[in-house]
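Chain residues, written in single-letter form:
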2 protein chains.
Amino acid sequence: MSPRTPASHPAPPPPRLVVVGSVGLDSIETAEARCEEALGGSAVYACAAASFFARTGMVGIVGEDFRAADRRRLERLGLDLRGLQTAPGRTFRWWGVYDRDMNNRSTRETQLNVFAHFEPALPAPYRAAPFVFLGNIAPALQRMVLAQISRPRLVMADTMDMWIRETPGDLNDVLRHVDIVAVNESEARHLSGEENLFAAARRIRRMGPSHVLVKKGEHGAFLLGPHGTMIAPAYPVERVRDPTGAGDAFAGGFMGALAAGGRVTPAALRRALTVGTVMASFIVEAFSLRRLERADGAAIRTRMDALRAMVRPG
Amino acid sequence: MSPRTPASHPAPPPPRLVVVGSVGLDSIETAEARCEEALGGSAVYACAAASFFARTGMVGIVGEDFRAADRRRLERLGLDLRGLQTAPGRTFRWWGVYDRDMNNRSTRETQLNVFAHFEPALPAPYRAAPFVFLGNIAPALQRMVLAQISRPRLVMADTMDMWIRETPGDLNDVLRHVDIVAVNESEARHLSGEENLFAAARRIRRMGPSHVLVKKGEHGAFLLGPHGTMIAPAYPVERVRDPTGAGDAFAGGFMGALAAGGRVTPAALRRALTVGTVMASFIVEAFSLRRLERADGAAIRTRMDALRAMVRPG
């Protein structure tokens, strides 16, 4: 394999944000359309969203079949790919099918492939990153990444039902070492044993993280932290083509915005929620990164302003 | 029956807001508790919420078994009950059971009783009311009420799946004569044929009303109108005891706030959404009106301020 960084850029600056997660090829079926082996994975969606705001370094693994065109798509977003390993074998693959009600989806098949033996090893320039997003991978791998970063200012971890069920010990260990945990509605209930989402978030805070981000898909998100609750309704999207990656893009936009500003104040968190909401809205409008790749600073600002006007309470 | 208005108040002022809907006795079972024959019905919840803001006249019917204590509860809220008829027979009754997930409920039994022959007749002082809320009753009855009000400034109608299915002609007629229609998620989809709620609201606007209020329960509400979309997340309630009446209280608070101010501007609509959200939050914290009856202006303002702080976008 050729080196990731062309010789004309001898020393790219270190990333402000490091993101670890899956990099894969998704085959997705909705009631209206389908796509085959499209670039996806939690690290891809989160990094793509963050790339508009902060220098972002990806940590992940792909197989030898990973397409040069997909790598170029990531490079065109300005991502630092020095942490993206290539291993012998095939890239991670996921097949998913959505109901007509896109809140329901089922997994047809997951092929871990090279991911089965992934051992994250961070390039030296990543190790001083002040902001870290541990995307949805096994909690033990999330810990392995965290152990390689010297003194991060803010760490957010995502998780999923499978880890809550199968590796609760590892997950509890992660929760004690992160500032924010991101969960969706069912994960919040599962992790806390509470049906009510606000009660669930309050209980999860007692497990370690100072902040709990509850992602509710089309109903938006809320963040519970030491300063109370911040509520962020979703950006209205009239034609949702594929919700895959919306939560990751939300998290990536959120962390990218914080990493860009560098401060973790209530005002910064509030703005980061608006950014996350808008980045997720681009993701759901097309399969893979297709709509997000066509976004730019002006399009993002337009949606942020529109969202603020719609949400401003009276 | 004795007259509704004691002789010591010879001429109460006319109501600013007239509300028609059901008045009944609800028996409700949740995963955690139950109540038997508690005061309920769409007109009761809406009027109770509106009563904190504007002089509100109730239009409805009860049987001879309607308890004097329940009537006194309504009077203590300052409601104008001159439009509440008493007819021979039994009061409307509803039995409902909620799942542990309170978004799902099933009706065990509905007894129309005196409601089966209800013909709304508005007292003279109601007929010049500038604001009208047509709560959830048969569209033909909603039209009958509307026909008796001379030149209302703003009319909102609620509806339900049953009328969409069984009396679509009557409902379409109502839609052509109201300014705002309030629907929940399933009603929005059913009425429009659109799965996406924003697309559904847009389509419903073409059926007549200039504004569509979509109520999403624990996920809040949004209002689509000529000025665009206003999004109002729900007030966080950690212990929801009984969601019955939350949508009616939302609508009542919303209309009460507008009736109090008298103007229908974007700023007034925005504030009315905040009021509706807060009034619904009191309703879900206890069966029937028990929590709302203990609220006062200070408690309402406290929640409105807290909600504004939580929702303010960054």
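First, a word on scope: everything that follows refers to the structure included in this document. (Residues numbered from 1 in each chain as written. Chains lettered and ligands numbered in written order. Predicted model: local features only at pLDDT ≥ 70, side-chain atom pairs only at ≥ 80, totals over all residues. Heavy atoms only, no water.)

1. Some details on the sheet that holds strand β2 (residues 24-29) of chain A
The strands making up a sheet associate through hydrogen bonds between their backbones, and the pairing can be parallel or antiparallel. Residues and elements named next belong to chain A. As a reminder of what qualifies: In this description, strands pair whenever DSSP reports at least two bridges between them. Secondary structure elements follow DSSP: runs of H or I of four or more residues count as helices, runs of E of two or more count as strands, with numbering from the N terminus. Note on geometry: axes are lines fitted to C-alpha atoms, helical ones only across the stretch in contact, with angles between N-to-C directions running from 0 to 180 degrees.
Read across the sheet, 4 strands follow the order β3-β2-β6-β7 without closing on themselves; strand pairing throughout is mixed. Strands at the two margins of the open sheet, each flanked by one partner only, are β3 (34-40) and β7 (105-111). Sheet twist, expressed as the average angle between the axes of neighbouring strands with direction ignored, equals 20°. Where strand β6 (residues 92-98) and β7 come together, 6 bridges link them in antiparallel fashion. In the strand pairing of β7, Gly96 is matched with Thr107.

2. Observations regarding the packing of aromatic side chains
Residues and elements named next belong to chain A. Rules: The rule is short: rings of Phe, Tyr and Trp, with Trp giving its six-membered ring, pair when the centres are within 6.5 Å, and they are stacked under 30 degrees, edge-to-face over 60, tilted in between. In this scheme, a residue with accessible area under 20% of its type's maximum is buried, one over 50% is exposed, and one in between is partly exposed, where area comes from a 1.4 Å probe on protein chains only.
Applying the stated criterion to the full structure yields 6 aromatic pairs over all chains. Ring geometry for Phe115 versus Phe118: centroids 5.3 Å apart, planes at 50°, classification tilted. Take Phe118: its relative accessible area is 3%, and that puts it in the buried class. An aromatic cluster of three or more residues is present, and its members are Phe92, Phe115 and Phe118.

3. Looking at helix α2 (residues 68-76) of chain B
Residue pairs spaced three or four apart in an α-helix point in one direction, given the helix's 3.6 residues per turn. Residues and elements named next belong to chain B. Just so we agree on the cut-off: Directions pointing from the helix axis toward each C-beta atom define the arc.
Among the residues of α2, those classed as buried are Asp70, Arg71, Arg73 and Leu74. Looking straight down α2, one finds its buried side chains confined to an arc of 155°; they lie on one side. Immediately beyond the C-terminal end of α2, within one or two residues, lies Gly78, with a positive phi of roughly 85°.

4. Quick look at the environment of Asp248 of chain B
All names here are of chain B. Just so we agree on the cut-off: Here a residue-residue contact requires only that any non-hydrogen atoms of the pair lie within 4.5 Å.
On the secondary structure map, Asp248 appears in helix α8 (residues 246-261). The spacing of Asp248 and Val284 is 36 residues in sequence and 11 Å in space, taken between C-alpha atoms. When sequence neighbours within four positions are dropped, the list of residues in contact with Asp248 reads Ser42, Tyr45, Ala46 and Asp158.

5. Some remarks on the nonpolar core
The cut-off we apply is this: Nonpolar core, defined: a set of buried Ala, Val, Leu, Ile, Met, Phe, Trp, Tyr and Cys residues in which side-chain atoms within 4.5 Å join the residues together.
One finds Met58 and Phe254 of chain A together with Met58 and Phe254 of chain B to be the most contacted residues of the largest nonpolar core, which totals 156 residues. Apart from the residues lying within four places of it in its own chain, the contact partners of Met58 of chain B are Val19, Val23, Ala43, Val44, Cys47, Leu74, Leu79, Asp80, Leu81, Gly83, Leu84 and Tyr126 of chain B.

6. Describing the pattern of salt bridges
Rule in force here: Here, a salt bridge means any side-chain nitrogen of Lys or Arg that lies within 4 Å of a carboxyl oxygen of Asp or Glu.
Here the structure, examined in full by the defined rule, presents 37 salt bridges over all chains. A salt bridge links Arg202 of chain B to Glu238 of chain A; the nearest nitrogen and oxygen atoms lie 2.4 Å apart. Within this pair, whereas Arg202 of chain B is found in helix α7 (residues 197-205), its partner Glu238 of chain A is found in the loop between β13 (228-232) and α8 (246-261), the two belonging to separate chains. Exposure remark for Glu238 of chain A: the relative accessible area of 29% places this residue in the partly exposed category. The salt bridge involving Asp305 of chain B is made with Arg308 of chain B; its shortest N-O contact spans 2.8 Å. Remark: Arg308 of chain B and Asp305 of chain B occur in helix α10 (residues 297-311); sequence separation between them is 3 residues, near one turn of the helix. A relative accessible area of 24% places Arg308 of chain B in the partly exposed class.

7. Looking at the interface of chain B and chain A
Note the cut-off: Put simply, buried area is how much 1.4 Å-probe accessible surface two parts lose in total, over both of them, once they are put together. Whenever a nitrogen or oxygen atom comes within 3.5 Å of another N or O atom, the pair is scored as a polar contact, on the condition that within protein one atom can donate a hydrogen and the other can accept it, and that pairs from neighbouring residues in sequence are kept only if both atoms are in side chains. Just so you know the grouping, Ala, Val, Leu, Ile, Met, Phe, Trp, Tyr, Cys and Pro go in nonpolar, Asp, Glu, Lys and Arg go in charged, and all remaining residues, Gly too, go in polar.
Each partner contributes to the interface: chain B provides 33 residues, whereas chain A provides 33 residues. Here chain B meets chain A over a buried area of about 3,000 Å², counting both sides, of which 50% is carbon and sulfur. At the junction of chain B and chain A, the tally comes to 2 salt bridges. The interface formed by chain B and chain A includes 18 residue pairs in polar contact (both at pLDDT 80 or more). Those elements that provide at least two residues to the side of chain B that touches chain A are α6 (185-192), α7, β13 (228-232), α9 (266-283) and α10 of chain B. For the side of chain B that touches chain A, a count of residues per class yields 14 nonpolar, 5 polar and 14 charged.

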